[in-house]
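Structural overview
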Amino acid sequence: MPILFGGGTELMLTHAADIADGLLTNGSWAPGVMDVYRPMLEKGFAKRKTPMTIENVPIWAHVDVLVTDDIKGGFAEFKEYAARYVGGYGGRAPAKS
């Protein structure tokens, strides 16, 4: 069974390339992001006991999907999630109104 390692920080990505069988991204995967991640992954590959390269490492990314007829409400829900994710609420859920 493959072991996937998740994360988006330099330390987590380096460890993923060093000890895991693949990378499970934490939602930070987008076009062009490999230019940023490649040096971190390469650093981890260099430490591996079993060879692996960027060309053969499995990378699982995900995309969030919300199916709704309420476009404005759907965006509001996502904005709240994004604000929490980037620290807009200081790591706490917003107060209920």
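Residues numbered from 1 in each chain as written. Predicted model: local features only at pLDDT ≥ 70, side-chain atom pairs only at ≥ 80, totals over all residues. Heavy atoms only, no water.

1. Focus: the sheet that holds strand β2 (residues 22-24)
Strands in a sheet are paired, the pairing made by backbone hydrogen bonds, and the direction either parallel or antiparallel. On the basis of which strands lie adjacent, the open sheet formed by 3 strands has the order β1-β2-β3 and parallel pairing. At either margin of the open sheet sits one strand with a lone partner, and together these are β1 (4-6) and β3 (59-60). In this structure, β2 lies alongside β3, joined through 2 bridges in parallel fashion. Note that in β3 the partner of Leu 24 across the bridge is Trp 60. (Pairing = 2+ DSSP bridges. Helix = DSSP H or I, 4+ residues; strand = E, 2+ residues; numbered from the N terminus.)

2. With respect to the side chain of Arg 48
Checked against the element boundaries, Arg 48 lands in the loop between α2 (34-47) and β3. Setting aside its immediate chain neighbours within four residues, Arg 48 contacts Ala 16, Ala 17, Asp 18, Ile 19 and Ala 20. (Contact = heavy atoms within 4.5 Å.)

3. Some words on the pattern of salt bridges
Scanning the entire structure with this criterion turns up 2 salt bridges. For Glu 10, the salt bridge identified is with Lys 43, shortest N-O distance 3.9 Å. Taken as a pair, Glu 10 in helix α1 (residues 10-19) and Lys 43 in helix α2 lie far apart in primary sequence, 33 residues in all. Of the charged contacts in the structure, one is a salt bridge between Glu 42 and Arg 38, with a shortest N-O distance of 3.9 Å. One end of the pair is Glu 42 and the other is Arg 38, both in helix α2 and 4 residues apart, which spans about a single turn. (Salt bridge = Lys/Arg side-chain N within 4 Å of Asp/Glu carboxyl O.)

4. Remarks on the side chain of Thr 25
Looking at where Thr 25 falls in the secondary structure, it is placed in the loop between β2 and α2. Excluding residues within four positions of it along the chain, Thr 25 makes contact with Gly 7, Ile 59, Trp 60, Ala 61 and His 62.

5. Quick word on the confidence of the model for the protein chain
Mean pLDDT over the protein chain stands at 81; residues scoring 70 or higher make up 85%. α2 holds the highest mean pLDDT among the elements of the protein chain, 92, whereas helix α3 (residues 71-85) holds the lowest, 81. (pLDDT = per-residue confidence, 0-100.)

6. Digging into empty space enclosed by the protein
Counted by the stated rule, this structure contains 1 cavity of 30 Å³ or more. Lining of the largest cavity is provided by Ala 16, Ala 17, Gly 22, Leu 23, Leu 41, Phe 45, Val 57 and Ile 59. Elements with a minimum of two residues in the lining of the largest cavity: α1, β2 and α2. Considering only residue class, the lining of the largest cavity consists of 7 nonpolar, 1 polar and no charged. (1 Å grid on protein atoms, 1.4 Å probe; cavity = no way out; pocket = protein on both sides within 12 Å on 5 of 7 lines; lining within 4 Å. Points joined across faces, edges and corners; volume = space filled by probe spheres on them. Nonpolar A, V, L, I, M, F, W, Y, C, P; charged D, E, K, R; others polar.)

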